[in-house]
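# Structure assessment
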Amino acid sequence: MTQQADAEVRAFRALVEMMPRHVVVPVIDRAFGGAVPGTDVPEGGLLPGALVEAVVAHGRGEHLAAVARLRTPVQHSTVWPADRPRHLRRLALHRIAERVAADPAHADVARAVYVDREAAPRTRRLLARGVHAPAFVEHLHDSVSVDLVRPLLATGDHRIALRLVEASKHEVTDHEKARAILLLLGGSNEGVAALRAAPVSHGSLRRPIRRRLDVLLGRRAGDPDEALAVLRQYSTLLDSPGARFALVRSHPRHVRMALHAPVADDPHDTELIRRHRTRPLAGAVCRSLILEELCPPATVLALLRNAPDTPAEFGQGKAHFGQFAQWLLDSELVTPAELLLHSAPVRLLALLSPGSSSAKEQHVGVLHRLLSGATAAQLVAAARDTGTRTLAELLTAEGPGSGQPEPAADPALLQLLLALSEPARVADTLTLLTPDEAVDLGRRHTARPEAALAVTRTAERRRPPVAVAAQDDAPRPWVSAVDRPPGAWFVKPHENVDWDELTSHLRSGGAFDAHTARSLLVHPDVPEAAARLLLKYYRSRPEVSPQWPYPTLRAALRRPAALYHSEDAARLWFPRPLAELVDTGRVSAADVVQLVAPARLAAVREGPASTAVATAAREHLGPAADDVEVWVVALNLHQEFAGTLAELFTTAATAVRG
């Protein structure tokens, strides 16, 4: 792919979310000659969800085939990799399958989806019930892969049934073996003859099934009626939700094999979720359920609720839940806010301390906002709870969860809650703790400096913390970093700064210390003009925090390349914090459209923030949003345009209308 073509693909991926869905395919035809951009390179990466939706809804056969054959990038993690690319591609394949399953004109696309190595079992079962199933049987009845053969048993073809009978008992469940045997026995004489000639051994069938089969075939003495009844019983093992749950639960190390059976044809299986709340499935099982059965968001959230006491070898003990929760976050299948509010029991949240993972540090603003309305008594009650309620339920409760004596507060969980609370609420909360609870809490590191100060004072002096007050309330003029005494690198929030002198110093080329620059950027009184100049001295890890004052955030939006010291770094690191700022309401979607420059850095990837920015962009365009030519011109200008998205769209609309 040439450099120019690569730039066009980047521009398309950045703008496709903003396009109305009915416009996407015409833009592809007009700008790319009908070839879906980004699908012509092996292992080319993940397509935007908006593009997949548009192609599935309005695309032609060649568009569907191009999306179906795009492979997921290789994951370079060894333990529980972030499966978002894999999961999203499986969803895309399933949507294509829904489009082509009943349409004979898309036989090639249907077959490509069915044999795709990443197609979910649920997707294959859907296609096996469609008009293309007979063709699949002809091509795949002798396939080496049992995963491709298994869904086709629904067609009733004897060749498929015989293949499953001959397969290893470790690859096919007893339920499927019994169904296949009954299908062959109840069909024509050819099926019975094939079954007699099949090389069935102890490796193919378990002893109870093999002995009944021998009775029915006349190889062993016995009651044929009893043998037939036993096989029918095996064939209906998974008819009840309890049996499906038992099968999933009993295969924690072989989940993929178990789930290839029709375990969860309905991903909204309320009985399975109800049983999970009393006997939780292992984290690995929940992960496989989500990936193999394409569970909707409501089911994913339901799997976060656990029983109060769970054996570690089967359920989600602390280690299991921590791995599962981290995988959900890394795969972006849940937001930190959803994880915080839907996980149960609440003490498991102690594993999710903001200081333990950089991924969660980026979302502290979201969690902080969710806890903003909680009272001190509710925070303490949540830390002492030993039941199965979620944090959302505990924060709305008026009293303790049980009439029994309250246990000691979990210091790790209390650390998390206090780290995300306002300093004033920290002080109120600590007055409700026992001295032992306060000491235990004081021994732990706390993410927010204000909370750490309050905790330390309480632990050491056994009294409520006092407010941090300035020792000198008189205005303090700004001094250069060189003149500040050792240990005074950081300008404190209560210090009065001479912003005019600071701005003049920076504009005249004066030197500045990075530590002081960071402290001034978060000063509550910082003007936007000063913040813009200070960003060039920001030498911390590239990360925009929702806790920054609004003038600093506006300055960061206007100069993201300066903040990250290069445009390439900003393109890589800026989208996630930008989405977080929109999600938390610290900046609006209109701010992103009107302030971020250049426009190519205003890329907000999938999620609520992306939807909000796309809506703001279409509102800015007005009726021109339905004009294909406007989007084609915007694509051509996007990668070299120095202005904002708003200016880009205005320029494109003006060029089209003359």
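One numbering rule holds for all chains: residues counted from 1, following each sequence as written. Reporting of local features is limited, given that this is a predicted model, to residues whose pLDDT is at least 70; pairs of side-chain atoms are given and counted only at 80 or more, and all residues count toward the totals for whole chains, interfaces and linings. By convention in this description, side-chain values take in all heavy atoms of the structure and omit both hydrogens and water.

### Observations concerning the overall build of the chain
Counting its secondary structure elements, the chain contains 40 helices and 0 strands. The burial tally for the chain puts 51% of its 658 residues in the buried class. Two residues qualify as a contact provided that any one of their heavy atoms is within 4.5 Å of a heavy atom in the partner residue. Pairs at least 24 apart in sequence give 68% of the contacts found in the chain among residues at least 6 apart. Here the open area of atoms and residues is found with the Shrake-Rupley method and a 1.4 Å probe, where only the protein chains shown may cover a residue. In the structure as shown, the chain presents an accessible area of about 29500 Å², 52% of it carried by carbon and sulfur atoms. Helical segments are the DSSP runs of H or I of at least four residues, strand segments are the runs of E of at least two, and each set is numbered from the N terminus. Throughout, exposure labels follow a simple rule: accessible area from a 1.4 Å probe, protein chains only, divided by the maximum for the residue type, with under 20% read as buried, over 50% as exposed, and the rest as partly exposed.

### Regarding the packing of helix α11 (residues 174–185) against helix α12 (residues 189–197)
All axes are obtained by fitting lines to C-alpha atoms, using only the stretch in contact for helices, and the reported angles, taken between N-to-C directions, cover 0 to 180 degrees. Running from N to C, α11 and α12 cross one another at 130°; their axes reach a closest spacing of 7 Å. Comparing their axes, α12 and α11 come out oblique. Where α11 abuts α12, its residues I181, L184 and L185 lie against G191, V192 and L195. In terms of residue class, the contact of α11 with α12 is built from 5 nonpolar, 1 polar and no charged. The cut-offs work like this: below 35 degrees is roughly parallel, past 145 is roughly antiparallel, 65 to 115 is roughly perpendicular, and the gaps in between are oblique. In the scheme used here, Gly and all other residues not listed as nonpolar or charged are polar, with Ala, Val, Leu, Ile, Met, Phe, Trp, Tyr, Cys and Pro taken as nonpolar and Asp, Glu, Lys and Arg as charged.

### Topic: the pattern of salt bridges
Put simply, a salt bridge is a Lys or Arg side-chain nitrogen that is within 4 Å of an Asp or Glu carboxyl oxygen. A complete count under the given rule lists 18 salt bridges for this structure. The closest approach of N and O atoms between R21 and E17, which form a salt bridge, is 3.6 Å. Overall, R21 belongs to the partly exposed group, its relative accessible area being 26%. Classification of E17 by relative accessible area gives buried; the value is 15%. Measuring nitrogen to oxygen at the nearest pair gives 3.6 Å for the salt bridge that ties D385 to R389. Since its relative accessible area comes to 12%, D385 is described here as buried.

### Observations concerning the packing of helix α6 (residues 107–115) against helix α7 (residues 121–128)
Two elements in contact, α6 and α7, have axes whose closest approach is 9 Å; the angle formed by their N-to-C orientations is 145°. Here the hand of the crossing between α6 and α7 comes out left-handed. Where α6 abuts α7, its residues A110, V113, Y114 and V115 lie against T123, R124 and L127. Across the contact of α6 with α7, the residue classes break down as 5 nonpolar, 1 polar and 1 charged. Whether a crossing is left-handed or right-handed is set by the direction in which the near helix is turned from the far one by less than a right angle, anticlockwise for left-handed and clockwise for right-handed.

### Regarding α6
Taken together, the buried positions of α6 are occupied by V109, A110, V113 and Y114. Looking down the long axis of α6, one finds its buried residues gathered within 130° of arc, a one-sided arrangement. This arc is taken over the directions from the axis of the helix to the C-beta atoms.

### Remarks on the environment of S143
In this structure, S143 sits in the loop between α8 (133–140) and α9 (146–149). Measuring from C-alpha to C-alpha, the distance between S143 and I160 comes to 9.7 Å, with 17 residues separating the pair along the chain. In this structure, S143 is in contact with L148, V149 and R163, ignoring residues within four places of it in sequence.

### Quick look at unusual backbone geometry
Cis rather than trans, the peptide bond between A344 and P345 has omega equal to -5°. Residue position: P345 is located in the loop between α21 (336–342) and α22 (358–361). For the bond running from A597 to P598, omega is -5°, close enough to zero to count as cis. Structurally, P598 is set in the loop between α37 (589–595) and α38 (608–621).

### Some remarks on the packing of aromatic side chains
Geometry of aromatic contacts follows a simple scheme: Phe, Tyr and Trp rings, the Trp one being its six-membered ring, pair when their centres are within 6.5 Å, and the pair is stacked under 30 degrees between planes, edge-to-face over 60, tilted otherwise. Across all of its chains, the model carries 3 aromatic pairs by this definition. A centroid spacing of 4.6 Å and a plane angle of 25° characterise the contact between Y114 and F136, whose relative ring orientation is stacked. Of this pair, Y114 sits in helix α6 while F136 is found in helix α8, placing the two residues 22 residues apart along the sequence. Comparing Y114 with F136, the two get one shared label, buried. Measuring from ring centre to ring centre gives 5.5 Å for W631 and F649, while their planes differ by 70°; the resulting arrangement is edge-to-face. With a gap of 18 residues between them, W631 in helix α39 (residues 628–638) and F649 in helix α40 (residues 645–657) connect regions that are remote in the sequence.

### Points about α11
Each helix should span, by expectation, one fewer than its residue count multiplied by 1.5 Å. Taking 1.5 Å per residue as the helical rise, α11 with its 12 residues ought to reach 16 Å, and the 16 Å between its terminal C-alpha atoms agrees with that figure. Taken as a whole, α11 has its buried residues at D174, H175, E176, K177, A178, A180, I181 and L184. As for α11, its buried residues are in contact with α10 (158–166), α12, α13 (207–216) and α14 (224–235).

### A word on the confidence of the model for the chain
Per-residue pLDDT for the chain averages 75, and the proportion of residues at 70 or more is 74%. Across the chain, α8 holds the top mean pLDDT of 94, while α22 sits lowest at 43. Between residues 353–363, whose pLDDT stays under 50, and residues either more than four places distant or in other chains, the model counts 24 contacts. Per-residue pLDDT stays below 50 along residues 445–489; that stretch engages in 70 contacts with residues further than four places along the chain or on separate chains. Residue-level confidence of the predictor is summarised by pLDDT, bounded by 0 at the bottom and 100 at the top.

### Thoughts on the environment of G242
You can see G242 is positioned in helix α15 (residues 241–249). On the accessibility criterion, G242 (18% relative accessible area) is buried. Through-space distance from the C-alpha of G242 to that of E271 is 7.5 Å; in sequence the pair is 29 residues apart.

### Looking at the side chain of S235
In this fold, S235 is placed in helix α14. The class for S235 is buried, based on a relative accessible area of 12%. Setting aside residues up to four positions removed in sequence, S235 forms contacts with H175, A178, R179 and L182.

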